[in-house]
Amino acid sequence: MNAPARSTTGVRAPGRAEIAARTLRTDLWWRPPLLTTLGLTVFVVYATIRSFVRTAYWVDEYHYLTPFYSPCVSASCVPGSTHFGVWFGELPMWVPLAFLSLPFLLGFRLTCYYYRKAYYRSIWQSPTACAVAEPRAHYTGETRLPLILQNSHRYFFYVALVVSAINTYDAVLAFHRSTGGFGFGLGNVIITVNVILLWAYTVSCHSCRHVTGGRLKHFSAHPVRYRLWTWVSRLNTRHMQLAWTTLGTLMLTDFYIMLVASGTISDLRFVN
Ligand code: FES
């Protein structure tokens, strides 16, 4: 009788310690992955609902547009929210109004090096934590479909730069009242802080670090790129924090604009 084939990779591979228990850890190793799953679930559920409801996403009086609907470029968008013009006709209800940017933003976050670590551990369980065996017998890493597509991250990064520029334009327009002239309220503070943090998250990307300083043999021959790489590297050490903070500020910005747009609250105005 033939012996069952042994996996050549993973924790059951020859040469690995033969430990029957999944882990010998006695600390709360399951807590960080659990919290990560809860955090990501809250954002995904909120963002999905808000992206499809098509209500309360634009405050005409103060030109506030939620980032979940930017850029709005179809005839389905409410008048005033089409900052870049109307490029498409009416969209069916199952198409989000920000269909131009959402797939790329989703791709950018899904392939982000930090989020990979987060959902590989929490959702994929591969592995759940250090010294905790993953449930699968085989390990192929990111060498096959679908995970090999993670290599597209650098391209999503370029599109994310464009989307950040669009969000910046929306934030600048929000300082103009519909009746003309300058206006400034709590909504502007929230929108502007969100845009600054989105830039920080985008620029702190590992791909940006490579774009600014990668493949250089001698930093001394490229002082400007070296300086940029130094700044990006410093920001890069905060990438995880920025990844989570921007999920929070995106929801907060959208939620605040939803409350003002629906008439639930009034915007706190500092300059009318
Ligand atoms: Fe996270 Fe690029 S590594 S956005």
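Residues numbered from 1 in each chain as written. Predicted model: local features only at pLDDT ≥ 70, side-chain atom pairs only at ≥ 80, totals over all residues. Heavy atoms only, no water.

### Some remarks on the overall build of the chain
Looking only at helices and strands, the chain has eight helices and four strands in total. Going from the N terminus to the C terminus, the chain shows its helices and strands as α-β-β-α-α-α-β-α-α-α-α-β. Overall, the chain is about 85 × 50 × 40 Å in size when its C-alpha atoms are taken along their principal axes. Every one of the 272 residues in the chain was classed for burial, and the buried ones make up 41%. The contacts in the chain between residues at least 6 apart in sequence include a share of 65% that link residues at least 24 apart. For the chain, the accessible surface area stands at approximately 15500 Å², while carbon and sulfur atoms represent 68% of it. (Helix = DSSP H or I, 4+ residues; strand = E, 2+ residues; numbered from the N terminus. Buried < 20%, exposed > 50% of the residue type's maximum accessible area, 1.4 Å probe, protein only. Contact = heavy atoms within 4.5 Å. Areas by Shrake-Rupley, 256 points an atom, 1.4 Å probe, with all protein chains shown as cover.)

### Describing the state of the cysteines
Applying the stated rule across the entire model yields one disulfide. The partner cysteine of Cys72 in its disulfide is Cys77, sulfur to sulfur 2.2 Å. Disulfide Cys72-Cys77: torsion about the S-S bond near -95°, hence left-handed. Cys77 shares its class with Cys72; the two are buried. Looking at Cys130, it has no disulfide partner, and the nearest cysteine sulfur is the one in Cys112, 18 Å off. (Disulfide = S-S within 2.5 Å.)

### Let's talk about empty space enclosed by the protein
Under the criterion given, the structure shown has one cavity of 30 Å³ or more. In this structure, the largest cavity occupies an estimated 50 Å³ of space. In this structure, the largest cavity is lined by Leu65, Pro67, Asn167, Asp170, Ile191, Asn194, Val195 and Thr253. Mapped onto the lining of the largest cavity, the elements with two or more residues apiece are helix 4 (153-173) and helix 5 (186-203). Among the elements that line the lining of the largest cavity, the one with the most residues is helix 5, at three residues. (1 Å grid on protein atoms, 1.4 Å probe; cavity = no way out; pocket = protein on both sides within 12 Å on 5 of 7 lines; lining within 4 Å. Points joined across faces, edges and corners; volume = space filled by probe spheres on them.)

### Re the layout of surface pockets
For the largest pocket, the calculated volume is near 780 Å³. Surrounding the largest pocket, 31 residues form its lining, Phe43, Ala47, Leu105, Leu106 and Arg109 being those nearest its centre. Of all the secondary-structure elements, those providing two or more residues to the lining of the largest pocket are helix 1 (31-53), helix 2 (102-110), helix 3 (113-122), helix 4, helix 5 and helix 8 (239-261). With nine residues, helix 1 is the single largest residue contributor to the lining of the largest pocket. Across the lining of the largest pocket, the residue classes break down as 23 nonpolar, seven polar and one charged. (Nonpolar A, V, L, I, M, F, W, Y, C, P; charged D, E, K, R; others polar.)

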